[in-house]
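A structural walkthrough
Here's the letter readout for the chains.
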Amino acid sequence: MGRLLKLRTGIHIGYLFCCLLLIVRPLGAQSDLLASLTLEQRIGQLFIVQLYGGQLTEAGRDFLTRYQPGGVVLIGENAGTPAEVAALVNSFQSTIIGAGGLPLLVTVDQEPGPIRHLEVGFTQWPTPALITASGETQLAFDVGTATAVELQAVGVNMNLSPVADLETNPTNPIITRRSFGSNPEMVGPMVAAYAEGLQANGVLATVKHFPGHGASVGDSHTELPVIDLPRERLEQVELAPFRAAIAGGVEAVMVAHIWYPALDAVPERPASLSPDIITGLLREEMGFDGLVLTDALDMDAIDTRYSYPEAVRLGLAAGVDLFLSAHIGLGAQMQAIDSLAAAVRAGEIPEERINQSARRVLAAKERYG
């Protein structure tokens with residue numbers, strides 16, 4: 001099966017590479033690079049934004065030139081044929097590099113199964129549970145590999161996948177068919193192998209939605225779910241696939257907009273804004289030192305409770321490195337970046353806290369070219 005995937009992908013991608021203008025700018029030593037950036041440029045590295053449309057607009061061009069975010073996320077309205085996606089990504093990269101900025105992380109939700117934003121001309125993989133049912137981690141690695149080859153061909157260098165949430169609640173409205181399964185002992189190795197396949201082929205993997213979305217009865221797109229399970233159960237079940245992915249070297253962890261009373265006693269504080277969960281559990285207890293990013297901050301679990309700048313400041317204090325938004329306008333993005341810069345200059349946020357996350361972003365960009 002692995003050989004078949006590689007052969008099929010090789011044929012499929014031959015055309016795509018012809019469409020892609022490769023843009024390379026060496027990042028150099030991280031310390032020297034960080035010191036060369038203005039405060040606003042360092043803050044910009046902490047944001048993954050969405051730019052409207054299938055072509056770069058003048059508003060988008062102005063934003064990239066002035067604010068120089070760390071990354072962009074592609075959603076359905078950006079998608080087209082492989083050639084069109086490659087042209088769009090190249091316009092993003094050439095604009096920001098032409099303005100003296102750093103190359104972007106270009107990311108997308110491209111999961112095996114029902115959730116994928118690049119469809120026309122891209123391989124449609126079966127639901128992850130079928131991969132797990134094969135019992136072959138090599139198959140999971142091969143699917144990750146083939147996905148990475150297709151993403152690389154159009155300039156995407158970060159995938160918001162794999163889902164490490166377990167299908168433990170059949171009434172869950174958002175995970176179900178996106179999950180690799182319900183058994184943590186089986187799912188963990190598959191999630192780790194899929195992530196390894198992505199990263200071995202030049203695409204950062206993002207394991208999500210930490211510390212586990214599968215047991216919820218609510219959808220964080222529309223409300224703040226609560227997963228009120230004992231810490232012992234979370235350790236044995238929900239956290240197990242994430243531990244496997246971290247042990248396997250996954251580069252990024254996306255944190256869920258869900259309240260876990262056993263992990264954070266502050267009422268209704270989502271994991272994505274929780275220092276207890278991000279710094280205490282993920283960083284200190286689990287030893288993860290890669291990129292931590294939020295789920296999209298325009299989801300109702302967040303934007304019905306906090307303003308965008310407020311959510312960013314709370315997330316920064318909790319230990320977040322990258323703030324993801326899929327439907328937040330450029331004006332609000334500008335406001336958030338400007339407000340962070342003002343807070344640093346006013347002494348409300350330590351500048352080193354900005355530098356800490358910016359270093360992680362720069363290190364990831366350097367590793368993945």
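Numbering of residues begins from 1 in every chain and follows the order in which that chain's sequence is written. The model is predicted, so local features are restricted to residues of pLDDT at least 70 and side-chain atom pairs to those at 80 or more, both for listing and for counting; the totals for chains, interfaces and linings are taken over all residues. Derived side-chain values reflect all non-hydrogen atoms in the structure, with water molecules and hydrogen atoms excluded from consideration.

To continue, consider the environment of Leu151. If you trace the backbone, Leu151 turns up in helix α7 (residues 137–153). C-alpha separation for the pair Leu151 and Leu118, spaced 33 residues apart in sequence, amounts to 9.1 Å. Note on contacts: a residue pair is in contact if any heavy atoms of the two residues lie within 4.5 Å. Beyond its immediate sequence surroundings of up to four residues, Leu151 is in contact with Val108, Gln110, Leu118, Val156, Asn159 and Val203. For the purposes of this entry, the term helix denotes a DSSP run of H or I that reaches at least four residues, the term strand denotes a run of E that reaches at least two, and both are numbered from the N terminus.

What follows is about helix α4 (residues 58–67). Here's how the labels work: a residue is buried when its accessible area is under 20% of the maximum for its type, exposed when over 50%, partly exposed in between, all with a 1.4 Å probe on protein chains only. Among all positions in α4, only Gly60, Phe63, Leu64 and Tyr67 are buried. Along α4, the residues classed as buried sweep out an arc of 100° about the axis, all on the same side. Of the residues in α4, the exposed ones pointing more than 90 degrees away from the buried face are Glu58 and Arg66. As for α4, its buried residues are in contact with α3 (39–44), β1 (47–49), β2 (71–74), α5 (82–98) and α14 (330–345). Looking one or two places after α4, you find Gln68, whose phi comes out positive at around 45°. The arc in question is formed by the directions pointing from the helix axis toward the C-beta atoms.

The topology assignment puts Asn169 in the loop between β4 (158–159) and α8 (184–199). Counted as a polar contact is a pair of N or O atoms within 3.5 Å, where, for protein atoms, one must be capable of donating a hydrogen and the other of accepting one, and residues adjacent in sequence contribute only when both atoms are in side chains. At a separation of 2.8 Å, a polar atom in the side chain of Asn169 contacts the side chain of Thr171. At 2.9 Å, the side chain of Asn169 forms a polar contact with the backbone oxygen of Ser216. Those residues in contact with Asn169, other than ones at most four positions away along the chain, are Gly214, Ala215, Ser216 and Val217.

Turning to the pairing of strand β7 (residues 291–294), a few remarks are in order. Neither face of β7 is left uncovered, since the one carrying Leu291 and Leu293 and the one carrying Val292 and Thr294 both have all their residues buried. Criterion used throughout: strands pair if DSSP finds at least two bridges between them. For strand β6 (residues 252–255) and β7, the ladder comprises four bridges, and the chain directions are parallel. Bridge pairing links Val253 to Val292 in β7. Between β6 and its parallel partner β7, the chain crosses via helix α11 (residues 275–285), and the hand of that crossover is right-handed. Here the term right-handed applies to a crossover when the path leading from its first strand over the helix to its second strand runs clockwise, the strands being oriented away from the viewer.

In this section: unusual backbone geometry. Omega for the peptide link from Ser161 to Pro162 comes to 20°, which places this bond in the cis form. In this fold, Pro162 is placed in the loop between β4 and α8. Cis geometry marks the peptide bond from Phe210 to Pro211; its omega dihedral reads 0°. Take Pro211: it is sitting in the loop between β5 (204–210) and α9 (231–238). Positive phi outside glycine occurs at Gln68, with the angle close to 45°. Examined against the element boundaries, Gln68 turns out to sit in the loop between α4 and β2. For Gln68, a relative accessible area of 8% gives the class buried. Within the chain, Glu268 stands out as a residue other than glycine whose phi angle is a positive 60°. In this fold, Glu268 is placed in the loop between β6 and α11. Judged by its relative accessible area of 40%, Glu268 is partly exposed.

A word on the nonpolar core. For our purposes a nonpolar core is just a set of buried Ala, Val, Leu, Ile, Met, Phe, Trp, Tyr and Cys residues, chained together by side-chain atoms within 4.5 Å. With 97 residues, the main nonpolar core has Phe47, Leu51, Leu74, Phe92 and Phe210 as its most contacted residues. Setting aside residues up to four positions removed in sequence, Phe92 forms contacts with Leu51, Leu56, Leu64, Val72, Leu74 and Leu104. Core analysis: the second largest hydrophobic core is formed by 15 residues, Ala252, Leu322, Val361 and Tyr368 among them.

The next subject is the packing of α7 against α8. In this analysis, axes come from line fits to C-alpha atoms, helices being fitted only over the stretch in contact, and the angle between any two N-to-C directions falls in the range 0 to 180 degrees. Remark: α7 packs on α8, axes separated minimally by 7 Å, with the N-to-C direction vectors making an angle of 35°. When you trace α7 past α8, the crossing you get is right-handed. Across the interface between the two elements, Thr137, Ala140, Phe141, Val143, Gly144, Thr145, Thr147 and Ala148 of α7 pack against Pro189, Met190, Ala193, Tyr194, Glu196, Gly197 and Leu198 of α8. When residues are grouped by polarity, Ala, Val, Leu, Ile, Met, Phe, Trp, Tyr, Cys and Pro land in nonpolar, Asp, Glu, Lys and Arg in charged, and all others, Gly among them, in polar. Residue classes in the contact of α7 with α8 are distributed as nine nonpolar, five polar and one charged. Left-handed describes a crossing in which the near helix is turned anticlockwise from the far one by less than a right angle; the clockwise case is right-handed.

Moving on to the pattern of salt bridges. Salt bridge criterion: a side-chain nitrogen from Lys or Arg within 4 Å of a carboxyl oxygen from Asp or Glu. Overall, the coordinates contain 20 salt bridges when judged by the stated rule. In this structure, the salt-bridge partner of Glu40 is Arg345, at a minimum N-O distance of 2.6 Å. Here Glu40 is found in helix α3, whereas its partner Arg345 is found in helix α14, with 305 residues between them in sequence. Here Glu40 falls in the partly exposed class, since its relative accessible area comes to 30%.

Turning our attention to the environment of Thr171. Here Thr171 shows up in the loop between β4 and α8. With 17 residues separating them along the chain, Thr171 and Gly188 place their C-alpha atoms 22 Å apart.

Before going further, it helps to spend a moment on the sheet that holds strand β3 (residues 105–108). Reading across the sheet, the eight strands line up as β7-β6-β5-β4-β3-β2-β1-β8 and stay open at both edges, with parallel pairing between neighbours. Each edge of the open sheet is held by one strand with a lone partner, namely β7 and β8 (323–324). As defined by bridge partners, β5 adjoins β6 across three bridges and the pair is classed as parallel. Within the sheet, the bridge partner assigned to Thr206 lies in β6 and is Ala252. Contacts from helix α15 (residues 351–367) reach β3, β5 and β7 within the one sheet, and its direction differs from that of β7 by about 110°.

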